[in-house]
Amino acid sequence: MTPEPDMIDLFVIGGGINGAGVARDAAGRGLKVVLCEKDDLAQGTSSRSGKLVHGGLRYLEYYEFRLVREALIEREVLLRAAPHIIWPMRFVLPHSPQDRPAWLVRLGLFLYDHLGGRKTLPGTRTLDLRRDPEGAPLLDQYHKGFEYSDCWVDDARLVVLNAVGAAEKGATVLTRTACASARRENGAWTVQTRSIATGETRVFRARCVVNCAGPWVSDVINNVTGANSARKVRLVKGSHIIVPKWWSGQQAYLVQNHDKRVIFINPYEGDLALIGTTDIPWDDRAEDVAISDAEVDYLLAAVNRYFKEKLRPSDVLHSYSGVRPLFDDGQGNPSAVTRDYVFDLDATGGAPLLNVFGGKITTFRELAERGMRKLRGVFPQMGGDWTDEAPLPGGEIANADFESFLNLLRELHPWMPRPLVVHYARLYGARTKDVVAGAMNMAGLGRHFGGTLYEAEARYLVAREWAQTPEDILMRRTKHYLHLTPAEQRAFADWFTRSDLAQAA
Ligand SMILES: Cc1cc2nc3c(=O)[nH]c(=O)nc-3n(C[C@H](O)[C@H](O)[C@H](O)COP(=O)(O)OP(=O)(O)OC[C@H]3O[C@@H](n4cnc5c(N)ncnc54)[C@H](O)[C@@H]3O)c2cc1C
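Computed from a prediction, not measured in an experiment: that's the story for all the values here. (Residues numbered from 1 in each chain as written. Predicted model: local features only at pLDDT ≥ 70, side-chain atom pairs only at ≥ 80, totals over all residues. Heavy atoms only, no water.)

Every one of the 38 residues lining the ligand counts as a neighbour, but Glu37, Ser46, Leu52, Gly359 and Thr362 are closest to it. A distance of 3.4 Å separates a nitrogen atom of the ligand from a polar atom in the side chain of Lys360. Within the contact set of the ligand, an oxygen atom lies 2.7 Å away from a side-chain nitrogen or oxygen of Thr362. Summarising the interface, the protein chains cover 96% of the accessible area of the ligand, which totals 1000 Å² for the free molecule. (Near = heavy atom within 4 Å. Polar contact = N/O pair within 3.5 Å; in protein donor to acceptor, adjacent residues only side chain to side chain. Areas by Shrake-Rupley, 256 points an atom, 1.4 Å probe, with all protein chains shown as cover.)

Quick look at the structure:
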């Protein structure tokens, strides 16, 4: 006999930042939620971003005031919610008179400082690049500069923490499980999922489906739900390169290129620098996105135009590319396409489908909140907005004061080397105790694989964060892949595949 399908309120397709954010918000309102991701959490665009929680200074030139204001306000909301994975960063903008006049840059920064939401982040200051230390690595021709604030975020961990938060509020999180079909039947959805590993299928009956499939949003509309939408997604590739960091200090740089695009040069993972991004129309499958030699040359040329140190392609240690799932507003220039998000609510037959187009890492929480408000008619009994004051898992840190929290953690674990305490504090925040799991000395953390990777962390990630493969652990739950040698990574993968963890996953 076929088992009765599971009855739920909300079925969310896509475990990127938007799907995970919607699942957490909805579960916290008391709804019965399933979140379904065909790959690993954040394996799509949400682990391939520029990793900034930012207002988007350059969007002001496109008059996107509402988006910039909302994003600026979100910076401090998110900083309070997850001070372990989000932190303030100062950006140095050397002024290049050929590209934009100084008054325009100053006006943009004035608006940025005053459009809203800035309470704790310091405002803009003007720099004399010939005298201030931030100017030291720059070519002598750059005399004047500006320095302003935005925030850094570990994008993949932000997704996972939302999924953990959703699960803690009762949501079911299915990874490596595709939503194979969704059909309207008798005023509700019949949704079928398929496990990528085993092919096993499962059926749910859901009152409502939210399509947060990012670059695959139209694919899901057309091929999974069989519905229609007049709206379209515009895919735009963006790539980043990772090189050894060559300047001193924790400040990032933002340089203007000849084509008027801006390139971020950010300190990354201690002794590395993350440089990006590009904006290139993408018509192929989102899964196949990869950096081209021309993009590497473009990014290096932008850096070399400003810095004394000259970078070459051989300096590039790693790279990654992602596809922006932008709402197609008909703009020709990919850089000019809106970065704002748009909802498309199709309530045919009393079983709503909410499609999400666009949306940034920065605005995921607002997007989820607004999306849920749109569904109030479907779920009149659900709870109100709640995420603006709620910490994300691990973010339960007194006064969001990360430095005091770190000191406390060091006192609690005096036997741990400082780099390891910092690593745990940054990734797991107040959940560090669950990673350490009662260990009283280094031996208690189990096998050491190199860098700051110990067995205890791998076990935590499989048990609590849906990690299933060595790559999930090395690349998305953590960034150990940047710090372990290829031989150490192979040894970890061998151990993982032969250990009980591979079975548990
Ligand atoms: C180069 C670049 C730089 C960026 N920089 C920034 C930045 O600095 N700050 C910022 O705020 N934003 C930035 N963004 C934007 C941001 O990364 C994206 O807007 C955001 O990650 C999109 O999230 P998403 O959840 O919509 O999509 P995704 O993260 O792609 O998630 C969609 C998920 O749906 C899943 N899926 C698809 N079909 C199915 C199915 N049938 N069943 C189950 N699952 C399915 C996919 O596997 C995927 O994981 C950047 C984007 C790019 C590309």
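Take the pattern of salt bridges next. Throughout the structure, instances matching the rule amount to 40 salt bridges. Residue Arg90 is joined to Glu147 by a salt bridge in which the shortest nitrogen-to-oxygen separation is 2.9 Å. Taken together, the residues Arg90 in strand E4 (residues 86–94) and Glu147 in strand E6 (residues 144–153) connect sequence positions 57 residues apart. On the basis of relative accessibility, which here comes to 18%, the residue Arg90 falls in the buried class. The residue Glu465 makes a salt bridge to Arg157 at a minimum N-O spacing of 2.7 Å. In this pair, Glu465 sits in the loop between helix H11 (455–464) and helix H12 (470–477) while Arg157 sits in helix H4 (residues 155–168), placing the two residues 308 residues apart along the sequence. Sharing partners across several salt bridges, the network here consists of Asp25, Arg29, Glu74, Arg365, Glu369, Arg373 and Asp385. (Salt bridge = Lys/Arg side-chain N within 4 Å of Asp/Glu carboxyl O. Helix = DSSP H or I, 4+ residues; strand = E, 2+ residues; numbered from the N terminus. Buried < 20%, exposed > 50% of the residue type's maximum accessible area, 1.4 Å probe, protein only.)

Within this numbering scheme, the UniProt entry marks residues 387–480 as carrying the feature "domain: Alpha-glycerophosphate oxidase C-terminal" (unreviewed entry). Helix makes up 48% of residues 387–480 and strand 5%, with an end-to-end C-alpha separation of 30 Å. (UniProt positions renumbered as here; feature names shortened; annotations may be inferred.)

Attention now moves to the pairing of strand E1 (residues 6–13). Of all 8 residues in E1, 6 are buried; the element is thus mostly enclosed. For E1 and strand E2 (residues 33–36), the ladder comprises 4 bridges, and the chain directions are parallel. In the strand pairing of E2, Phe11 is matched with Val34. (Pairing = 2+ DSSP bridges.)

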